[in-house]
Protein chains: 2
Amino acid sequence: MPSYKAPVEDTLFLLYDVLGFDRHANLPGFADASRDVVEAVLLESAKLCEEVLQPVNRSGDVEGCTRSADGSVTTPKGFKAAYDAFADGGWIGLSADPDYGGQGLPHTIAAIVNEYASAANMALAMYPGLTQGAIAALTLHGSDALKQAYLPKMIAGTWTGTMNLTEPHCGTDLGLIKTKAVPNGDGSYRITGTKIFISAGEHDLTENIVHLVLARIEGAPEGTKGISLFVVPKFKLDADGAPGERNAVSCGSLEHKMGIHGNATCVMNYDGATGWLVGEENRGLPAMFTMMNEARLGVGIQGLAQSEVAYQNAVAYAKDRLQGRALSGAKEPAKPADPIIVHPDVRRTLLSIKAFNEAARALILWTSLKGDVGHASEDAKDKQAGDDLMGLLTPVIKGVITDVGFDNTVKAQQMFGGHGYVAEWGMEQFVRDARIAMIYEGANGVQAMDLVGRKLGRDGGRAIMALFKEIDGFIKENGGIRDLKPFLEALKKARDDLQKAATWFMMHAMRKPENAGAGATDFMHLLGLVALGYMWARIAKTALAKQASGEGDAARMEARLTTGRFFIERSLPETATRLAAISAGADAVMALPAEAF
Amino acid sequence: MPSYKAPVEDTLFLLYDVLGFDRHANLPGFADASRDVVEAVLLESAKLCEEVLQPVNRSGDVEGCTRSADGSVTTPKGFKAAYDAFADGGWIGLSADPDYGGQGLPHTIAAIVNEYASAANMALAMYPGLTQGAIAALTLHGSDALKQAYLPKMIAGTWTGTMNLTEPHCGTDLGLIKTKAVPNGDGSYRITGTKIFISAGEHDLTENIVHLVLARIEGAPEGTKGISLFVVPKFKLDADGAPGERNAVSCGSLEHKMGIHGNATCVMNYDGATGWLVGEENRGLPAMFTMMNEARLGVGIQGLAQSEVAYQNAVAYAKDRLQGRALSGAKEPAKPADPIIVHPDVRRTLLSIKAFNEAARALILWTSLKGDVGHASEDAKDKQAGDDLMGLLTPVIKGVITDVGFDNTVKAQQMFGGHGYVAEWGMEQFVRDARIAMIYEGANGVQAMDLVGRKLGRDGGRAIMALFKEIDGFIKENGGIRDLKPFLEALKKARDDLQKAATWFMMHAMRKPENAGAGATDFMHLLGLVALGYMWARIAKTALAKQASGEGDAARMEARLTTGRFFIERSLPETATRLAAISAGADAVMALPAEAF
């Protein structure tokens, strides 16, 4: 049976030693997040994830969710108890508004807890995860009345939230939405239509479910500018704000999915359900994107989480499984064979995952922290810098970390040989669960187009120029640290490849946007590599400083330097291939007639 | 529901126009394979695969195999009828010895039919596929009596075959085998032990099952030199050679697997079962490797097959699904949106699969044909060249084509967005089925070690030098064809990277074998890229010649040139990254202590 141990030591090292979380103690929200508090939060949530969420992960996969004839949905055994423990611990509202019962901590702290929870049990963690997204959208766009009515219950986890975008004929292209909203005359609307792929759309975990639904008000303009956002509760609220009359929304069926079996993915039928407008008429998409951006970061975190838990189990197996002898001679001559972790190809595989995970965790924390600082700061420059970086890196975190995170679950599974293919070992579940993260909240190709088509050129390329400036400043500033040189040189080479790619787009994609489209995915991965390489340079700098001062766990610092070296030697050179692909342009991509595929 | 169309046109183009299959008509076996016969074989097998095997692929996945309390195993509904059609058509013995009822055609033809069958229904095709491996081992190593007793029935498909290597504590490291064989004094042995992961170990398709089993004769030397190969039938043969008394071998349980649910993967218990020695005592491993090499090629073919069927369905979806508009303006303004095949990132994804599939098919046919020619030829040089190339490329075909083939099923699934994650569409089955091919018959890391540790240096590097010579000859010979230049230049660059990598191993891995181990997987993929690049150069040459002469389907030839261009511009440059990883050596890989992972 697989197991999971939350990487608390690594998180704290990154947060404090590398990223200097405590430098922002003067900002609102951060004041309550003293090191003591953060450590306690991490350790407590780690314990909950390891001991309560993880043990029902595989059983939840095997059992799955079931829908009864009346449309009710039962989650797997043990899910309700685990969900209650998570909600009762106050984990859902960790970074939510204290006025509505939240704890007001920086989002960065919530991101950490989400990593642990998703690693322990991705299907289960999605229920509170979606609620957090819905809380964010309502907090920013809901009227005071809506906020009063819904937020306290959602923050407490008494009710969960969902997001309803997709319809049978439209996913990415939300301008095609057909779900209809007709005013009732009393401020409410009758919502009619079918939504598909609704995660946590129906379940037995809570007494109410709060659906956020995109629909078109009768007579609204066509396309994306005619879409509004509504809140549609499963049970309408009575005079006391408690769940009252059943609303006309129901789960028509459950999807049979490749993975995340413990999460109910529903077809939701809205049959004249009563809904209330969130924000302005026809401004539903921007409001939903608040939720979506939060969700995209959350999905990137899922990619890391599955990569981490798969890695941990592969390492345990590689230390335990005896097969063959080390090339340099038997390491455990008393045993019939050596553990397979002696074999270079096994080590290479495991290191490639480890080197990714630690930098990906740093990247998520760094981006999240910049966002928090921007949010909390009074300084307009801080705000802009935070927004810019979040905008630029959200598609990278979503697209790259889920792509590579999935590949890593496959690599970790591979370490088990035939046992990795057998369900009892739990490794193939990580692969199946991780797979969805590349698809939902905008398939990764859509992330790449968002990056290249919108984020890259926005405000004259301000965001990426700021990133270059920061990296160049780091390289310059630390050029004197001898042992950091290999990291800085590799980073310099990678950022040069990135700049060449950006320049190539500037020169070739203005006239012919297909040149950007054909290179978008490669560019997203190229930017991801540079960002991860930058994280490794910063980690290495800190580890070297700790070594020099004799602080911290010496073996851990040495391990970080070795792992970082592996990354810059073996993973980072991929930037050259990505640049070559981008520079090839769109000619061959566009030339083939559709019928010749 | 997914569908499948066997790529007969592409196969014939590669076989005749690119590889000149008919040049070998003077060789035994080839004489019977006139173009008319081959075309008929391909078309007939295509029809069977499309119309009989494919329709029970998804239902077989959903239903899976079931084991009853008495140890009997039931295959999914429709499998027996489909198997019977395959066996009755004579497809199992296509390249088997005519003395035992085979058709004696070149193995290349059987490889083609196996591609089609594996694409249509991988789980089902494994039953005859394993039989073919067992036929090969018995043909080469069995006594006349054993051959007379078993081959005609196996070739006819009346009985199936299995290979029994793995035990709970040993997979790759077969020296650890514990299954015991004790002589009965009458020429037979009592076999006792437990084998796991036995594909097709028990089922209801045929009246008998012929197990080939590795075991250790009492008193045999330890390790790999004390292992013998036995034939153990499920039912012992009576005086007439018909299945008689039940042998003491039974299926203890079925594995719950990620995929290939229609194939019964059994734990097999040998409780003093009666077996007969195949070949010499203690020479079981070399005999089993006959079967294994055949099986490894077969597994590479499965990788291509899943990549091809996933691609075909992704193309169909991309032409049908309307979402968004082309960057250059609406392509189908009358419809609510354009089909997604207008989007550059969708085309790039599909082309990357197509460009791989066509070259992988060429590589399998080329290697197979060299093997056939070597086998059939009287010329010692032909024989050696065929053996060398088969030895060198078998791990590449197994390792690279299953790695990339799996990635391709994931890419194809991605084209469907959320629908790709839903079982009904069938795409996630291709991913789950393709996944096993990276694992069984020697995990791909083991293939890489076989390549780098054994095949590369064998006979002073004769095999790879012959490959370089062939490629260099091709480049030189065709340097005058103007439109072929980009292909030749890209191929030259790639082969130079390969040579640098080989040289790096020569200089650094003699003293420190970990330097080879740490670079083995990258080297396998580097060699794969060069081989595929060489195939594209050959395909392009042929397509250009056809264009010039006005022969063949002009649109198909143009499509080949475009697809090939995509490959050399976008896929082949990866050789640089592979070389960089290899040249980084083993230092960082070996430095981390096991406890620091």
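Residues numbered from 1 in each chain as written. Chains lettered and ligands numbered in written order. Predicted model: local features only at pLDDT ≥ 70, side-chain atom pairs only at ≥ 80, totals over all residues. Heavy atoms only, no water.

This part takes up a nonpolar patch on the surface. Residues and elements named next belong to chain A. Taken together, the side chains of Met506, Met507 and Met510 present a nonpolar region at the surface, about 400 Å² in accessible area. Mapped onto the fold, Met510 is located in the loop between helix H14 (485–508) and helix H15 (514–549). Residue classification places Met510 among the exposed residues on the basis of a relative accessible area of 66%. (Patch = residues over 30% accessible without salt bridge, like charges linked within 9 Å, V, L, I, M, F, W, Y side chains within 5 Å. Areas by Shrake-Rupley, 256 points an atom, 1.4 Å probe, with all protein chains shown as cover. Salt bridge = Lys/Arg side-chain N within 4 Å of Asp/Glu carboxyl O. Helix = DSSP H or I, 4+ residues; strand = E, 2+ residues; numbered from the N terminus. Buried < 20%, exposed > 50% of the residue type's maximum accessible area, 1.4 Å probe, protein only.)

Here we take up the nonpolar core. In this structure, Leu350(A), Phe523(A), Leu350(B) and Phe523(B) are the most contacted members of the largest nonpolar core, which totals 422 residues. Ignoring sequence-local partners within four residues, the contact set of Phe523(A) consists of Leu451(A), Val452(A), Leu456(A), Ile464(A), Leu498(A), Ala501(A), Ala502(A), Phe505(A) and Ile582(A). (Core = buried A, V, L, I, M, F, W, Y, C linked by side-chain atoms within 4.5 Å. Contact = heavy atoms within 4.5 Å.)

Helices that pack against each other are described as a pair by the angle of their axes relative to one another and the distance between those axes. Residues and elements named next belong to chain B. Where helix H14 (residues 485–508) meets helix H15 (residues 514–549), the closest approach of the two axes is 9 Å, and the angle between their N-to-C directions is 155°. By the angle class used here, H14 and H15 are roughly antiparallel. For H14 against H15, the interelement crossing comes out left-handed. The residue inventory of the contact of H14 with H15, partitioned by class, reads 18 nonpolar, 4 polar and 2 charged. (Axes fitted to C-alpha atoms, helices over the stretch in contact; angles between N-to-C directions. Parallel < 35°, antiparallel > 145°, perpendicular 65-115°, else oblique. Left-handed = near helix turned anticlockwise from the far one by under 90°. Nonpolar A, V, L, I, M, F, W, Y, C, P; charged D, E, K, R; others polar.)

This part is about the UniProt feature "domain: Acetyl-CoA dehydrogenase-like C-terminal" (unreviewed entry) in chain A. Within this structure's numbering, the places UniProt gives as "domain: Acetyl-CoA dehydrogenase-like C-terminal" (unreviewed entry) are residues 467–593 of chain A. Along residues 467–593 of chain A one finds 82% helix and 0% strand; the C-alpha atoms at either end are 39 Å apart. (UniProt positions renumbered as here; feature names shortened; annotations may be inferred.)

So, on to the interface of chain B and chain A. With 91 residues of chain B at the contact, the number on the chain A side is 91 residues. Taken over both partners, the interface formed by chain B and chain A buries close to 7400 Å², and the fraction arising from carbon and sulfur atoms is 61%. If you sort the residues of chain B by the area they bury against chain A, Tyr421(B), Arg570(B) and Phe597(B) come out on top, with a joint share of 12%. For the pair chain B and chain A, the number of links is 4 salt bridges. Between Asp522(B) and Arg570(A) there is a salt bridge, with the nearest N and O atoms lying 3.4 Å from each other. Linking chain B with chain A are 52 residue pairs in polar contact (both at pLDDT 80 or more). For the side of chain B that touches chain A, the class distribution of residues is 47 nonpolar, 22 polar and 22 charged. (Buried area = accessible area lost by both parts, 1.4 Å probe. Polar contact = N/O pair within 3.5 Å; in protein donor to acceptor, adjacent residues only side chain to side chain.)

So, about the packing of aromatic side chains. All names here are of chain B. As enumerated under the stated definition, the model contains 23 aromatic pairs over all chains in all. With a centroid separation of 4.9 Å and 65° between ring planes, the pair formed by Tyr189 and Phe230 is classed as edge-to-face. Remark: Phe230 occurs in strand E7 (residues 228–233) and Tyr189 occurs in strand E5 (residues 188–199); sequence separation between them is 41 residues. On the basis of relative accessibility, which here comes to 0%, the residue Phe230 falls in the buried class. Seen in terms of ring centroids, Tyr317 and Phe416 are 4.2 Å apart; in terms of plane orientation they differ by 20°. Their pairing is stacked. Taken together, the residues Tyr317 in helix H8 (residues 284–320) and Phe416 in the loop between helix H10 (380–414) and helix H11 (427–437) connect sequence positions 99 residues apart. On the basis of relative accessible area, Tyr317 is assigned to the buried category, the value being 7%. (Phe/Tyr/Trp six-rings, centres within 6.5 Å; stacked < 30°, edge-to-face > 60°.)

Looking now at the pattern of salt bridges. The full count for this structure, using the stated rule, is 79 salt bridges over all chains. The partner of Arg578(A) in a salt bridge is Asp522(A), with the nearest N and O atoms 2.9 Å apart. Placement of Arg578(A) in helix H17 (residues 574–583) and of Asp522(A) in helix H15 is noted, with a sequence separation of 56 residues between them. By relative accessible area, which is 8% here, Asp522(A) ends up buried. With its nearest N and O atoms 3.0 Å apart, the salt bridge here joins Arg556(B) to Glu9(B). Taken together, the residues span a long stretch of sequence, with Arg556(B) in helix H16 (residues 554–571) and Glu9(B) in helix H1 (residues 8–18) at a distance of 547 residues. For Arg556(B), a relative accessible area of 19% translates into the label buried. Residues joined by salt bridges that share partners form a network here, namely Glu9(A), Asp10(A), Glu115(A), Glu308(A), Arg361(A), Arg556(A) and Arg560(A).

Let us look at the UniProt feature "domain: Acyl-CoA dehydrogenase/oxidase N-terminal" (unreviewed entry) in chain A. Within this structure's numbering, the places UniProt gives as "domain: Acyl-CoA dehydrogenase/oxidase N-terminal" (unreviewed entry) are residues 81–157 of chain A. End C-alpha to end C-alpha, residues 81–157 of chain A measures 13 Å, and it is 71% helix and 0% strand.

On to the packing of helix H10 (residues 380–414) of chain A against helix H11 (residues 427–437) of chain A, then. Residues and elements named next belong to chain A. Look at H10 against H11: their axes get within 9 Å of each other, and the N-to-C directions meet at 165°. Taken as axis vectors, H10 and H11 run roughly antiparallel relative to one another. H10 and H11 meet at a crossing whose hand is left-handed. Between H10 and H11, the contacting residues are Lys398, Thr402, Phe406, Thr409, Val410, Ala412 and Gln413 on the first element and Met427, Glu428, Phe430, Val431, Ala434, Arg435 and Ala437 on the second. Residues belonging to the contact of H10 with H11 are distributed by class as follows: 8 nonpolar, 3 polar and 3 charged.

What follows deals with H14(A). In an α-helix there are 3.6 residues to a turn, and that puts residues three or four apart on one side. Residue and element names in this part refer to chain A. With 24 residues, H14 extends 34 Å between its outermost C-alpha atoms, agreeing within 8% with the 34 Å of an ideal straight helix rising 1.5 Å per residue. All buried positions along H14 are accounted for by Phe487, Leu488, Ala490, Leu491, Ala494, Arg495, Asp497, Leu498, Ala501, Ala502, Trp504 and Phe505. Packing partners of the buried residues in H14 comprise helix H12 (444–455), helix H13 (458–477), H15, helix H16 (554–571) and H17. (Expected span 1.5 Å × (residues − 1).)

Residue and element names in this part refer to chain A. Within strand E6 (residues 208–217), 10 of the 10 residues are buried, leaving the element largely enclosed by the surrounding structure. Sheet topology note: the strand E3 (residues 159–164)/E6 ladder contains 6 bridges and is parallel. Its bridge partner lying in E6, Thr160 is registered against Ile209. Of the strand pairs in this sheet, strand E4 (residues 180–183) and E6 are connected by 2 bridges, and their pairing is parallel. What sits directly across from Ala181, in E6, is Ile217. In this structure, E6 lies alongside strand E7 (residues 228–233), joined through 6 bridges in antiparallel fashion. Paired with His211 across the two strands is Val232, which belongs to E7. (Pairing = 2+ DSSP bridges.)

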